[in-house]
Amino acid sequence: MSNACRYARPLGPLPALGRGARAEVVGPLLVGGASRTGGPVGPSTAPGDGGEDTGGVLVRWQMHADGVLTLEVTDGGAQTRPSPSSPSLTSHGGRGLSIVDQLASDWGVRDAPGEVTVWAALPARARHARRTAGG
């Protein structure tokens, strides 16, 4: 997600929601992204605010019956294809996809016209806390 916000082109305008409005998320969630012109990071500006819409990235997740959580982040693509790197010990970044590779049972990159999706399947079985008497 951070790579999509930092390096990729946004997908396009976000749906406009007034201040204090609540959106019921039934499907994918479109998240505000950084403006390529140095504008603020966050949701798009509401119509009439005089600000420029910054676009966003699409985030999807699904919990499967077998305890696997599938996460997807779709953006407008970047100059390079997402891939794990081997940063030096003093580098401030470059570890994200290597971490995903270690945690996920499977992951990959899907291309579509004007879009790139990075997805990961993570084991996420629910753990139920047991209450004990007296504690």
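What you see is a predicted model; the values in this text were computed from it and never measured.

Peer 1: Got a minute to help me understand the layout of surface pockets in this structure?
Peer 2: Empty space among the atoms becomes apparent when a probe as large as a water molecule is rolled across them. Roughly 840 Å³ of internal volume is contained in the largest pocket. Along the walls of the largest pocket sit 35 residues, with Met-1, Asn-3, Ala-4, Pro-82 and Leu-97 positioned nearest its centre. Broken down by secondary-structure element, the contributors of at least two residues to the lining of the largest pocket are helix H1 (2–7), strand E2 (56–63), strand E3 (68–75), helix H2 (96–103) and strand E5 (115–123). Looking at the lining of the largest pocket element by element, the count peaks at six residues for H2. Taken together, the residues of the lining of the largest pocket break down into 19 nonpolar, ten polar and six charged.

Peer 1: Would you mind going over the side chain of Thr-74 with me for this structure?
Peer 2: As for its placement among the helices and strands, Thr-74 is situated in strand E3. Engagement of the side chain of Thr-74 in a polar contact is seen with the side chain of Thr-117, the distance being 2.6 Å. Those residues in contact with Thr-74, other than ones at most four positions away along the chain, are Leu-11, Val-57, Leu-58, Arg-60, Glu-115, Val-116 and Thr-117.

Peer 1: What is the right way to look at the pattern of salt bridges in this model?
Peer 2: For side chains bearing opposite charge, pairing can occur when the charged atoms are close. The final tally for this structure, using the stated rule, is three salt bridges. Between Glu-72 and Arg-60 there is a salt bridge whose closest N-O contact spans 3.3 Å. In this pair, Glu-72 sits in strand E3 while Arg-60 sits in strand E2, placing the two residues twelve residues apart along the sequence. On the basis of relative accessibility, which here comes to 16%, the residue Glu-72 falls in the buried class. The exposure class assigned to Arg-60 is partly exposed, which follows from its relative accessible area of 29%.

Peer 1: It is not clear to me how the pairing of E3 should be interpreted in this structure. Could you clarify?
Peer 2: It is a general feature of regular strands that their side chains alternate between the two faces of the sheet. Where E2 and E3 come together, six bridges link them in antiparallel fashion. If you follow Leu-58 over to E3, its bridge partner there is Thr-74. The turn linking E2 back onto E3 is made up of four residues, and Gly-67 within it adopts a positive phi angle of 85 degrees. As paired strands, E3 and E5 are joined by eight bridges and run antiparallel to one another. Following the sheet pairing, Glu-72 is matched in E5 by Trp-119.

Peer 1: Teacher, can you tell me more about the pairing of strand E4 (residues 106–112) here?
Peer 2: Two strands pair when backbone bridges link them, and E4 and E5 are joined in this way by seven bridges, in the antiparallel orientation. By the bridge assignment, Ala-112 is partnered in E5 with Glu-115. Taking the residues that link successive antiparallel strands as the turn, the E4-E5 hairpin has two residues, and the phi of Gly-114 there is positive, at about 75 degrees.

Peer 1: Before we go on, may I ask you to explain the nonpolar core in this structure?
Peer 2: Note on soluble globular proteins: their nonpolar side chains tend to be buried together. Residues Leu-97, Ala-104, Trp-107, Val-109, Val-116, Ala-120 and Leu-122 constitute the largest nonpolar core, which totals seven residues. Of all the secondary-structure elements, those providing two or more residues to this core are E4 and E5. Counting residues per element, this core draws most heavily on E5, at three residues. In contact with Ala-104, other than residues within four places in its own chain, are Ala-120, Ala-121 and Leu-122. Among the nonpolar cores identified, the runner-up in size contains five residues, and Cys-5, Val-57, Val-59 and Val-73 belong to it.

Peer 1: Got a minute to help me understand the side chain of Glu-72 in this structure?
Peer 2: A polar side-chain atom of Glu-72 sits 3.3 Å from a polar atom in the side chain of Arg-110. Excluding its chain neighbours within four sequence positions, the residues that come into contact with Glu-72 are Leu-58, Val-59, Arg-60, Arg-110, Thr-117, Val-118 and Trp-119.

Parameters and conventions
Residues numbered from 1 in each chain as written. Predicted model: local features only at pLDDT ≥ 70, side-chain atom pairs only at ≥ 80, totals over all residues. Heavy atoms only, no water. 1 Å grid on protein atoms, 1.4 Å probe; cavity = no way out; pocket = protein on both sides within 12 Å on 5 of 7 lines; lining within 4 Å. Points joined across faces, edges and corners; volume = space filled by probe spheres on them. Helix = DSSP H or I, 4+ residues; strand = E, 2+ residues; numbered from the N terminus. Nonpolar A, V, L, I, M, F, W, Y, C, P; charged D, E, K, R; others polar. Polar contact = N/O pair within 3.5 Å; in protein donor to acceptor, adjacent residues only side chain to side chain. Contact = heavy atoms within 4.5 Å. Salt bridge = Lys/Arg side-chain N within 4 Å of Asp/Glu carboxyl O. Buried < 20%, exposed > 50% of the residue type's maximum accessible area, 1.4 Å probe, protein only. Pairing = 2+ DSSP bridges. Core = buried A, V, L, I, M, F, W, Y, C linked by side-chain atoms within 4.5 Å.

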